[in-house]
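# Chains, contacts and geometry: an overview
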Amino acid sequence: MSTRTPRRTRTALAVAAIAGSAALATFPLTTASASDGGVAVQYRTSASGATADQSEPWLKVRNTGATSVALNQVKIRYYFKADSPTATYRFACSWAVKGCSAITGTFGTLANPTATADRYLEIGFTSAAGSLAPGADTGDMQLRFHQANWQTLTQGDDYSFQGAPTSYTDWTKVTAQLAGVNVWGTAPAGNEPTEPPTTPPTTPPTTPPPGGGATLFDDFSYTSHTDPALAAHGWNVRSNSGGPGVPGATWDPSKVTFVSQSGNTVMNLETSSAGTGASTTHTEVLTKASKFRNGTYAARVKFSDAPKYGPDGDRIVQTFFTINDLKAPMADDYAEYDFEYLPNGGWGEPANILYTTSWETYNPDPWQAVNQHSESRTSFAGWHDLVVTIDDSRITYYVDGAVFGTHDAAYLPERPMSINFNQWLIDLNGQTSTTPRAYDQQVDYVLHVKDQVLTPAQVTARLAALRGAGTTFVDEVPAS
């Protein structure tokens, strides 16, 4: 699954920027295990043709056992045949009784392809989805996926597809796992689930991590973008030209300021426009060094739905991400891990959406991308705790202590990366007015702990310890 063509300018930005710069509540497990409970999956579709713009597997999960089932222990797989060996797909949730923000969707490749399946869409749940009492179901989950390039897809030959049902019916060509054990459905031949993992993928560790762990921490206690300490601490405030975003826009260091809020200093990135490229300014702050790889990345970021002045509607992107440079088209050592909030939509989305995306590689021309993403279509205006952890088996994204998305080992980094924050306009089509307007994105702190996977609660504890000791900046991470 990859982003559509406009996203190539997003990645081009970060590569150009690098080139231009020198308390978590875990779900109580007093619920059914696979040995004493079960679930069934019901299916229908609103896209019943053999071909379609997008496949629409609408699903319900029903608790068929005698005890409560924690939904964050449930994984559902819908199996399909890719439209080409290089086809990539994007998942979306149109509507769900449990809330789209509590549902995750990731794509995988079957170890043993068949004539009707070589890929699967895996649906999971965050702890916010809660639990199902015996006999209860999730209600509607109106899900969909499409080719990244929006070309028509063929679904009539997909293993899990059935066009006939107009109402929900039990469907055994969709499988379900409970706590890692298959409890419903039949996978395509030769792809039966393996033994369950020792720890379910979405369950964070509950024991404290080992001590140590080289740390980068910055409280952004600076006076201005020209404060000598900002550069001395390894930050570059972007001023070089280039994409992504509005052609002719500039990256203005003076629009990166540091403001006091309740006795605490936060970094403010302002992006402004008066409806032309020449009047548009973007902002970005990034580490000079690309020396960060596995471990935990965390930041507290304030997203904005509305401008601080002027008319609303611009297709603005507000971010926290890590990245390295693309050495060559489709180079397999490229890596990028994004939080991207679009308050007014963009890239084909009509309104608020938050993406987390893990990139393996891409080709800028002709556009081709290999990545995996999770998304939520709701407002994220206000302060949010963002955490992404990378180990040798997966990438996990958290928003405000809850799992937002878990991405596969195929997308793990092979080279170190920089840490970046930026805010920019995709284009001027969302708001054509020539009245000046400006948007703010704010950052309270950033933290990286090398080679340690921390839970959000452990991030909070580490932050409290640093601030309690009066630390405003530390960088122990060695150069690559």
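Residues numbered from 1 in each chain as written. Predicted model: local features only at pLDDT ≥ 70, side-chain atom pairs only at ≥ 80, totals over all residues. Heavy atoms only, no water.

A separate point is the overall build of the protein. Counting its secondary structure elements, the protein contains 3 helices and 31 strands. Within the protein, the proportion of its 480 residues that are buried is 57%. Accessible area for the protein stands at about 17500 Å²; split by element, carbon and sulfur atoms hold 51% of it. (Helix = DSSP H or I, 4+ residues; strand = E, 2+ residues; numbered from the N terminus. Buried < 20%, exposed > 50% of the residue type's maximum accessible area, 1.4 Å probe, protein only. Areas by Shrake-Rupley, 256 points an atom, 1.4 Å probe, with all protein chains shown as cover.)

Turning to the side chain of Q142, a few remarks are in order. With respect to the helices and strands, Q142 occurs in strand β10 (residues 141-147). Excluding residues within four positions of it along the chain, Q142 makes contact with W58, C93, S94 and W95. (Contact = heavy atoms within 4.5 Å.)

In a disulfide, the sulfur atoms of two cysteines are covalently bonded to one another. Taken as a whole and assessed by the stated rule, the structure comprises 1 disulfide. Here C93 connects covalently by a disulfide to C100, the sulfurs 2.1 Å from one another. Every disulfide takes its handedness from the sign of the S-S torsion; for C93 and C100 that torsion is -70°, giving left-handed. Under the relative-accessibility criterion, C100 is labelled buried at 14%. (Disulfide = S-S within 2.5 Å.)

Time to look at the environment of A164. Secondary-structure assignment places A164 in the loop between β11 (153-154) and β12 (169-170). What makes A164 exposed here is its relative accessible area of 61%. Distance from A164 to T45, taken between C-alpha atoms, is 8.3 Å for residues 119 residues apart in sequence.

Right, let's get into the sheet that holds strand β7 (residues 103-109). Taken together, the 5 strands give an open sheet; going across it, the order is β7-β8-β5-β13-β14, and neighbouring strands pair in antiparallel fashion. Each having just a single partner strand, β7 and β14 (181-184) make up the two edges of the open sheet. Taking the axes of each pair of neighbouring strands and ignoring which way they run, one obtains an average angle of 30° across the sheet. The pairing of strand β5 (residues 74-80) with strand β8 (residues 119-125) spans 5 bridges and is antiparallel. The partner of I76 across the bridge, within β8, is I123. (Pairing = 2+ DSSP bridges. Axes fitted to C-alpha atoms, helices over the stretch in contact; angles between N-to-C directions.)

A separate point is the packing of aromatic side chains. According to the stated counting rule, one finds 27 aromatic pairs in the structure shown. Look at F80 and F145: their rings are 4.8 Å apart centre to centre, the planes differ by 35°, and that puts the pair in the tilted class. Of this pair, F80 sits in strand β5 while F145 sits in strand β10, placing them 65 residues apart in sequence. For the pair formed by F80 and F145, the shared burial category is buried. Here F320 and F421 contribute two aromatic rings whose centre-to-centre distance is 5.0 Å and whose plane-to-plane angle is 10°, an arrangement assigned as stacked. Note that F320 is positioned in strand β22 (residues 316-323) and F421 in strand β29 (residues 418-425), a separation of 101 residues in sequence. One aromatic cluster is present, formed by Y43, Y78, F80, Y89, F107, F145 and W171 through successive ring pairs. Over the ring of Y120 we find R77; its NZ or CZ atom is 3.9 Å from the centre of that ring. Between K173 and the ring centre of Y159, over which it is positioned, the NZ or CZ distance is 5.2 Å. (Phe/Tyr/Trp six-rings, centres within 6.5 Å; stacked < 30°, edge-to-face > 60°. Lys NZ or Arg CZ within 6 Å of the ring centre and 35° of its normal.)

This part is about the pattern of salt bridges. Counted under the stated rule, the structure contains 20 salt bridges. For R238, the salt bridge identified is with E284, shortest N-O distance 3.5 Å. In this pair, R238 sits in the loop between β16 (235-237) and β17 (250-251) while E284 sits in strand β20 (residues 281-287), placing the two residues 46 residues apart along the sequence. Just as R238 is buried, E284 falls in that class too. Across the salt bridge formed by E375 and R377, the nearest N and O atoms sit 2.6 Å from each other. Judged by its relative accessible area of 6%, E375 is buried. (Salt bridge = Lys/Arg side-chain N within 4 Å of Asp/Glu carboxyl O.)

Let us now look at the environment of M417. You can see M417 is positioned in the loop between β28 (402-407) and β29. Separated by 96 residues in sequence, M417 and F321 have C-alpha atoms that sit 9.7 Å apart. Setting aside residues no more than four positions away along its own chain, M417 makes contact with A289, S290, K291, F292, R293, Y297, T322, I323, N324, A335, Y337 and I390.

Moving on to the nonpolar core. Counting residues in each nonpolar core, the largest one holds 38 residues, and the members touching the most others are F220, W235, M267, Y297, F320, I395 and F421. Per-element tally for this core: the top contributor is strand β21 (residues 295-303), with 4 residues. Within the second largest apolar cluster, 37 residues are counted, among which are L71, F91, F125 and L143. (Core = buried A, V, L, I, M, F, W, Y, C linked by side-chain atoms within 4.5 Å.)

Turning our attention to the pairing of β5. Burial runs high along β5: 6 of the 7 residues are buried. When β5 meets strand β13 (residues 174-178), the two strands line up antiparallel, connected through 5 bridges. What sits directly across from K75, in β13, is Q177.

This paragraph deals with the confidence of the model for the protein. When pLDDT is averaged across the protein, the result is 87; 88% of the residues are at 70 or more. Segment residues 1-36 is flagged for pLDDT under 50; beyond a separation of four residues in sequence, or across chains, it makes 115 contacts in the model. Overall, residues 195-212 carries pLDDT values under 50, and its contacts beyond four positions in sequence, including any with other chains, amount to 25 contacts. (pLDDT = per-residue confidence, 0-100.)

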